[in-house]
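Coordinate analysis (summary)
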Amino acid sequence: MKSFYVTTAIDYVNGSPHLGHAYEKVLTDVMARFRRQLGDSVHFLTGVDEHGQKVQASAKQRGIPPQQFCDEVSQEFRALLPKLDISNDDFIRTTDERHKRVVRAVLQQLFDMGEIYKAEYRGFYSTRQEQFLQEKDRNPDGSWPELFGEVTEIVESNYFFKLKQYQPWLVEFYEKHENFIFPAFRQKQVVEFLKEPLNDLCISRPRERLEWGIPLPFDEGYVTYVWFDALLNYYSAVADKPGIWPATWHVIGKDILVPPHAVYWPIMLHAAGLPLPQGIVAHGWWLQRGAKMSKSTGNALNPLDLVAEFGADAFRYFLIREMNVGQDSDFTREQFLVRYNSELANNLGNLVNRTLNMTTRFAAGNVPDADAAAEDELEKNLRALWSRTRDEFIPLCEGFQFHTALERAMVFLTETNAYIEKRAPWKLGKSVEAKDQALLRTALATMAEALRLAVALIQHVTPASSAKINAVLGYTPGAVWRDELNWDGRLAGRKVEGALVLFPRPAPTEKTPAAKA
Ligand code: MSP
């Protein structure tokens with residue numbers, strides 16, 4: 001069995017989870033579910049990033065110890081996962097003992113190897129970003145950009161990791177691994193970034209300035225700088241689980257690709273003698289009216305509101321259908337409703353209703369056998385479309401083109417509904433002629449089979465609805481997913497339920513734009 005270890009970024013716990021965080025979990029879940037159904041041995045990790053200045057400050061503001069603050073907010077992030085139907089195998093907190101132990105062990109190892117040294121550092125420091133700034137970070141007029149907040153000049157002794165000496169190695173690494181970063185244009189940006197000289201990385205903060213962190217094992221007067229701590233979660237979570245490391249994909253947002261994930265992380269692993277992951281998937285941002293959705297801009301949407309209103313599957317479907325992995329997308333309620341109405345309620349919901357209604361009405365609730373002799377062009381065309389859809393779908397998902405894959409599945413559903421219109425079983429049902437009766441049985445079998453197949457195709461995106469639809473079709477899918485994609489009329493003789501309400505329409509008073517064709 002092929003091992004597939006996939007991770008999300010770990011979220012800062014200084015605010016509540018928003019739609020951007022939820023998207024990353026859903027995207028990674030869709031990848032994990034897809035690989036599981038292909039038969040890989042999947043390990044899916046997500047978690048929270050709990051150390052650092054901001055958390056220390058937020059806890060202080062609330063007048064509670066940082067650990068208590070982290071316990072509360074982490075619980076919020078954790079509680080989100082089942083509500084989004086996320087199938088993670090593990091949840092790591094950087095305050096877990098298992099994590100702290102590994103971080104300290106790696107630091108000690110690098111220190112013993114001479115990869116870490118102490119030096120005096122004078123520089124401009126941004127408290128908001130928790131980083132020292134460089135001259136090139138200034139605005140053209142010499143001021144500091146807004147995003148750094150208050151900037152002060154400080155001098156202090158700190159520990160440094162010898163990052164710079166690995167620059168030629170990293171440049172060569174990217175030459176040899178052209179597809180390390182998805183999408184490819186992001187790897188080009190990393191290669192560009194590496195044309196400028198790297199500095200060694202300051203990996204400590206004196207405890208008097210930052211108490212809330214992992215103490216350096218070789219100097220307890222300091223704690224680890226946040227990225228050195230956070231990045232190691234991917235490894236610390238599986239360090240004692242044989243056969244999982246290295247990761248297959250780290251799924252992250254584009255804002256934390258360069259330098260942390262694309263520069264620090266590969267160098268840290270290489271220096272510590274650990275194998276590198278297969279690659280990094282850097283997704284884009286959810287925007288609102290062109291601005292990144294975030295806690296600090298105050299335009300963040302609570303994913304739970306949408307889940308409460310429309311259900312987890314509709315939420316997951318929208319995020320995956322709307323966003324081209326790697327690009328940004330604007331989130332609007334209008335667009336959400338367009339897709340909800342036209343694709344889920346109309347296309348999928350209607351097919352479910354029609355299949356159940358007509359099977360009940362014209363075949364006493366039992367899916368009939370298709371009559372091969374009765375089939376003509378309409379059935380043959382639909383089957384041919386199915387073969388093309390299935391053959392395109394898998395490589396699209398393997399290449400993270402989930403939005404296009406779903407679009408193909410929707411075309412198949414649209415065509416299935418169009419088939420029903422043309423075949424008009426309700427007319428055939430009025431005829432007593434044997435020929436029409438054979439065609440009616442074929443039509444009912446065809447629509448049920450098309451529905452079963454479409455549901456199998458999109459089940460990694462809409463797991464709960466897929467399971468419900470299979471249940472009303474009286475069907476339990478087999479263990480081998482690829483076998484589920486064969487058009488073979490296996491539903492014949494199954495007893496279906498009379499009805500299933502999957503995607504109720506939003507309240508009619510709500511103004512919704514006309515559905516896209
Ligand atoms: N704690 C660090 C990551 C450490 S990983 C070793 C961090 N946390 S975060 O809470 O700010 O962001 C967590 C993830 O959510 C990141 O991958 C980030 O890109 C993603 N998103 C945050 N806002 C987002 C959007 N508006 N849209 C999509 N994803 C974005 O960074």
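Given the structure is predicted, the values throughout are model-derived calculations rather than measurements.

1. Re the site of the ligand
In the vicinity of the ligand there are 25 residues, among which Ile 10, Glu 24, Asp 49, Asp 255 and Met 293 approach most closely. Here a nitrogen atom of the ligand and a backbone polar atom of Trp 286 are 2.9 Å apart. Coverage of the ligand by the protein chains reaches 95% of its 660 Å² of free accessible surface. Only β1 (3-12), α1 (19-37), α7 (226-231), α8 (233-236) and β12 (249-253) provide two or more residues apiece to the shell around the ligand. A total of 4 residues in the shell around the ligand trace back to one element, the largest contributor, which is β1.

2. Describing the packing of aromatic side chains
Applying the stated criterion across every chain yields a total of 29 aromatic pairs. Ring geometry for Phe 34 versus Trp 481: centroids 5.9 Å apart, planes at 75°, classification edge-to-face. A residue pair is termed long-range when its members are at least 10 positions apart, and Phe 34 in helix α1 and Trp 481 in helix α18 (residues 481-484) qualify at 447 residues. Judged by relative accessible area, Trp 481 falls into the buried class, the value being 3%. Relative to Trp 265, the ring of Trp 245 has its centre 6.1 Å away and its plane inclined at 75°; by these criteria the two rings are edge-to-face. With Trp 245 in the loop between α8 and β12 and Trp 265 in helix α9 (residues 257-271), the pair connects residues that are 20 residues apart, well separated along the chain.

3. Description of the domain arrangement of the chain
When the domains of the chain are assigned, the result is domain 1 (3-283) and domain 2 (333-485). Inter-centroid distance (C-alpha atoms) of domain 1 to domain 2 is 44 Å. Each partner contributes residues to the interface: domain 1 has 12 residues there, and domain 2 has 14 residues. For the pair domain 1 and domain 2, the summed buried surface comes to about 1,200 Å²; carbon and sulfur atoms form 75% of the total. Sorting the residues of domain 1 by area buried against domain 2 places Val 30, Phe 34 and Gln 37 first, and these three jointly supply 48% of that buried surface.

4. Points about the sheet that holds strand β11 (residues 219-224)
An order of β9-β11-β10 is seen for the 3 strands of this open sheet, with the pairing classed as antiparallel. The open sheet is flanked by β9 (204-206) and β10 (215-216), the only strands paired with a single partner. Where β10 lies against β11, 2 bridges are found, and the strand directions are antiparallel. In the strand pairing of β11, Pro 215 is matched with Val 223.

5. Observations concerning the environment of Cys 202
Along the polypeptide, Cys 202 turns up in strand β8 (residues 201-202). For Cys 202, a relative accessible area of 10% puts it in the buried group. Distance in space between the C-alpha atoms of Cys 202 and Lys 254 is 23 Å, their sequence separation being 52 residues. Apart from the residues lying within four places of it in its own chain, the contact partners of Cys 202 are Phe 132, Asn 158, Tyr 159, Phe 160 and Tyr 225.

6. Here's the deal with the pattern of salt bridges
Counted according to the given criterion, the structure contains 42 salt bridges. Asp 40 serves as the salt-bridge partner of Lys 2, at 4.0 Å between the closest nitrogen and oxygen. Residue Lys 2 is located in the segment before β1, and its partner Asp 40 is located in the loop between α1 and β2 (41-49); the two are separated by 38 residues in the primary sequence. Judged by relative accessible area, which is 47%, Lys 2 ranks as partly exposed. The partner of Asp 29 in a salt bridge is Arg 33, and the shortest N-O contact between them spans 2.8 Å. Placement of the pair is Asp 29 and Arg 33 together in helix α1, with a separation of 4 residues, close to one helical turn. Residues joined by salt bridges that share partners form a network here, namely Glu 449, Arg 452, Glu 484, Asp 488 and Arg 490.

7. Examining the environment of Thr 359
Secondary-structure assignment places Thr 359 in helix α12 (residues 333-363). Remark: the alpha-carbon pair of Thr 359 and Ala 443, spanning 84 residues in sequence, is separated by 9.9 Å.

8. Looking at α9
Most pronounced at Tyr 264, the bend in α9 amounts to some 35°, and the proline Pro 266 follows within four residues. Along α9, the residues that are buried comprise Leu 257, Pro 260, His 261, Ala 262, Val 263, Tyr 264, Trp 265, Pro 266, Ile 267, Met 268, Leu 269 and Ala 271. A positive phi of about 75° marks Gly 273, the residue just after α9.

9. Considerations on the packing of helix α11 (residues 312-322) against helix α14 (residues 402-423)
The interhelical angle for the contact between α11 and α14, taken along N-to-C directions, is 110°, at an axis separation of 7 Å. On the basis of the axis angle, α11 is roughly perpendicular to α14. The segment α11 lies against α14, with Tyr 317, Ile 320 and Arg 321 engaging Phe 402, His 403, Leu 406, Glu 407 and Met 410. Across the contact of α11 with α14, the residue classes break down as 5 nonpolar, 1 polar and 2 charged.

10. Side note on helix α10 (residues 303-310)
Burial in α10 covers these residues: Pro 303, Leu 306, Val 307 and Phe 310. Seen along its axis, α10 keeps its buried residues to an arc of 100°; they face one direction. On its buried face, α10 sits against α1, α3 (66-83), α11 and α12. At the N-terminal end of α10, a side-chain oxygen is found 2.8 Å from the backbone nitrogen of Leu 304, two or three residues along, and the residue is Asn 302. Two residues or fewer after α10 comes Gly 311, characterised by a positive phi angle close to 95°.

11. Focus: the confidence of the model for the chain
Across the chain, the average pLDDT comes to 95, with 98% of residues at 70 or higher. Low pLDDT, under 50, characterises residues 513-517; the stretch is placed with 8 contacts to residues that sit more than four places away or in other chains.

12. Some details on the sheet that holds strand β5 (residues 131-133)
Overall, antiparallel pairing links the 4 strands, which are arranged β5-β4-β6-β8 in an open sheet. Looking at which strands have only one partner, the edges of the open sheet turn out to be β5 and β8. Judged from the 3 bridges that link them, strand β4 (residues 116-126) and β5 form a sheet pairing that is antiparallel. Note on β5: the bridge partner recorded for Ser 126 is Gln 131.

Cut-off values and rules
Residues numbered from 1 in each chain as written. Predicted model: local features only at pLDDT ≥ 70, side-chain atom pairs only at ≥ 80, totals over all residues. Heavy atoms only, no water. Near = heavy atom within 4 Å. Polar contact = N/O pair within 3.5 Å; in protein donor to acceptor, adjacent residues only side chain to side chain. Areas by Shrake-Rupley, 256 points an atom, 1.4 Å probe, with all protein chains shown as cover. Helix = DSSP H or I, 4+ residues; strand = E, 2+ residues; numbered from the N terminus. Phe/Tyr/Trp six-rings, centres within 6.5 Å; stacked < 30°, edge-to-face > 60°. Buried < 20%, exposed > 50% of the residue type's maximum accessible area, 1.4 Å probe, protein only. Domains from an automatic or database assignment. Contact = heavy atoms within 4.5 Å. Buried area = accessible area lost by both parts, 1.4 Å probe. Pairing = 2+ DSSP bridges. Salt bridge = Lys/Arg side-chain N within 4 Å of Asp/Glu carboxyl O. Bend = angle between axes of the 7 residues up to and from the residue. Axes fitted to C-alpha atoms, helices over the stretch in contact; angles between N-to-C directions. Parallel < 35°, antiparallel > 145°, perpendicular 65-115°, else oblique. Nonpolar A, V, L, I, M, F, W, Y, C, P; charged D, E, K, R; others polar. Arc of directions from axis to C-beta. pLDDT = per-residue confidence, 0-100.

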